[in-house]
Amino acid sequence: MRARRAVRDALRAGDEQALLLARKEVKAAKVSLGERGPPWWSDGAPDVDRRLARNTAYAAWFAGQEEG
């Protein structure tokens, strides 16, 4: 959260250099937490990130969802 607060503060101050540094810190934290970077697990399931649901094995489920 320290890095996210640094992003907020840099945006408020209009400090581009501080913003770049803070965003790098946020990215590093996310990689350390496993939120970014290569997967650290292997469950054997196909990776369907960044695909439309209608183009995956979830197509039938997706078709049954209400628009909202």
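The present account deals with the structure reproduced in this document. No experiment lies behind these values; they were computed from the predicted model shown. (Residues numbered from 1 in each chain as written. Predicted model: local features only at pLDDT ≥ 70, side-chain atom pairs only at ≥ 80, totals over all residues. Heavy atoms only, no water.)

1. Notes on the overall build of the protein chain
Moving on, step 1. A count of helices and strands for the protein chain gives three helices and zero strands.
Moving on, step 2. In the protein chain, the order of α-helices and β-strands from amino to carboxyl end is α-α-α.
Moving on, step 3. Relative to the 2.2 N^0.38 estimate, which gives 11 Å for 68 residues, the radius of gyration of the protein chain is 18 Å and therefore markedly larger than a compact globule would have.
Moving on, step 4. Seen along its three principal axes, the alpha-carbon backbone of the protein chain occupies a region of about 50 × 35 × 15 Å.
Moving on, step 5. As presented, the protein chain carries roughly 6,400 Å² of accessible surface, and 53% of it is formed by carbon and sulfur atoms.
Moving on, step 6. Averaging the positions of the 13 positive and the 10 negative side-chain charges in the protein chain gives two centres separated by 5 Å. (Helix = DSSP H or I, 4+ residues; strand = E, 2+ residues; numbered from the N terminus. Rg over C-alpha atoms; globule rule 2.2 N^0.38 Å. Areas by Shrake-Rupley, 256 points an atom, 1.4 Å probe, with all protein chains shown as cover. Lys, Arg positive; Asp, Glu negative; His and termini not counted. Charge placed at Lys NZ, Arg CZ, Asp CG, Glu CD.)

2. Quick notes on the pattern of salt bridges
Moving on, step 1. A full pass over the atoms with the stated rule returns two salt bridges.
Moving on, step 2. Where Glu-25 meets Arg-2, a salt bridge forms, and the shortest distance between an N and an O atom there is 3.3 Å. Linking Glu-25 in helix 2 (residues 16-33) with Arg-2 in helix 1 (residues 2-13), this pair joins segments that are 23 residues apart in sequence.
Moving on, step 3. The exposure class assigned to Arg-2 is exposed, which follows from its relative accessible area of 60%.
Moving on, step 4. Note that Asp-9 is salt-bridged to Arg-8, the shortest N-O span being 3.1 Å.
Moving on, step 5. The class for Asp-9 is partly exposed, based on a relative accessible area of 38%. (Salt bridge = Lys/Arg side-chain N within 4 Å of Asp/Glu carboxyl O. Buried < 20%, exposed > 50% of the residue type's maximum accessible area, 1.4 Å probe, protein only.)

3. What to know about helix 2
Moving on, step 1. The end-to-end C-alpha distance of helix 2 is 26 Å, a good match for the 26 Å that 18 residues give at a rise of 1.5 Å each.
Moving on, step 2. Listing the buried residues of helix 2 in full gives Leu-19, Ala-22, Val-26 and Lys-30. For helix 2, the buried positions fall inside an angular range of 80 degrees around the axis, keeping them on one side. The exposed residues of helix 2 that point more than 90 degrees off its buried face are Gln-17, Leu-20, Lys-24, Lys-27 and Ser-32.
Moving on, step 3. Contact partners of the buried residues in helix 2: helix 1.
Moving on, step 4. Of the residues one or two after helix 2, Gly-34 is the one with positive phi, at around 85 degrees. (Expected span 1.5 Å × (residues − 1). Arc of directions from axis to C-beta. Contact = heavy atoms within 4.5 Å.)

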